[in-house]
Amino acid sequence: MGARSSTPAPPTLVLAATALIMTVSDEPLGRLLFEVISAFAPCGLSVGLSAELDPFGEYALAALMFAGRVGPIGLASALAVRRRTLLYDYPEDRPVIG
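Here the structure is a predicted model, which means the values were calculated and not measured.

So, helix H1 (residues 10-24)
Argument step 1. Its 15 residues give H1 an end-to-end C-alpha distance of 22 Å, which sits within 8% of 21 Å, the value for a rise of 1.5 Å per residue.
Argument step 2. Listing the buried residues of H1 in full gives Val-14, Ala-17, Thr-18 and Ile-21. What you see down the axis of H1 is that its buried residues fit within an arc of 105°, all on one side. Those residues of H1 that are exposed and aimed more than 90 degrees away from the buried face are Leu-15 and Thr-23.
Argument step 3. Of the surrounding elements, those touching the buried residues of H1 are helix H2 (29-40) and helix H3 (55-70).

Below you can see the structure in the form of structure tokens.
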């Protein structure tokens, strides 16, 4: 069995962003969902909704664009807690020079 990731899956991010933007916007669901999905997928498509949103909606779209650009695997590996084992020791004595 593989280890589970601590970052949300892409459909969860898209649905959460859609729900957040729906609370501050009166746009129809189809137009809003197209904008959110195209923000997550780095394809460059838009229906012009990002210019009509308030700052909270723009920040939500910007965060989704960043998460889509980095990708779920890159985001999970960046947020994963790692422990490194040192394979070396620093010298404890001062070197004798001259």
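Now, onward.
Notes on the packing of H1 against H3
Argument step 1. Remark: H1 packs on H3, axes separated minimally by 9 Å, with the N-to-C direction vectors making an angle of 170°. As far as their axial angle goes, H3 and H1 are roughly antiparallel. Two secondary-structure elements touch here, H1 through Leu-13, Ala-17, Leu-20, Ile-21 and Val-24 and H3 through Phe-56, Gly-57, Ala-60, Leu-61, Leu-64 and Ala-67.
Argument step 2. Per-class residue counts for the contact of H1 with H3 are ten nonpolar, one polar and no charged.

Quick notes on the nonpolar core
Argument step 1. Ile-21, Val-36, Phe-40, Leu-53, Leu-61 and Leu-64 are the most contacted members of the largest nonpolar core, which has 13 residues in total.
Argument step 2. Among the secondary structure elements, those contributing two or more residues to this core are H1, H2 and H3.
Argument step 3. Ignoring anything within four residues of it in the chain, the contact list for Leu-53 reads Ile-21, Ser-25, Glu-58 and Leu-61.

A closer look at the packing of aromatic side chains
Argument step 1. With the rule as written, the count across this model stands at one aromatic pair.
Argument step 2. Each ring, one from Tyr-88 and one from Tyr-90, has its centre 5.7 Å from the other, and the planes form 85°; the classification is edge-to-face.
Argument step 3. Taking the relative accessible area as the measure of exposure, Tyr-88 reaches 47% and is therefore partly exposed.

Cut-offs used in this document
- Residues numbered from 1 in each chain as written.
- Predicted model: local features only at pLDDT ≥ 70, side-chain atom pairs only at ≥ 80, totals over all residues.
- Heavy atoms only, no water.
- Helix = DSSP H or I, 4+ residues; strand = E, 2+ residues; numbered from the N terminus.
- Expected span 1.5 Å × (residues − 1).
- Buried < 20%, exposed > 50% of the residue type's maximum accessible area, 1.4 Å probe, protein only.
- Arc of directions from axis to C-beta.
- Contact = heavy atoms within 4.5 Å.
- Axes fitted to C-alpha atoms, helices over the stretch in contact; angles between N-to-C directions.
- Parallel < 35°, antiparallel > 145°, perpendicular 65-115°, else oblique.
- Nonpolar A, V, L, I, M, F, W, Y, C, P; charged D, E, K, R; others polar.
- Core = buried A, V, L, I, M, F, W, Y, C linked by side-chain atoms within 4.5 Å.
- Phe/Tyr/Trp six-rings, centres within 6.5 Å; stacked < 30°, edge-to-face > 60°.

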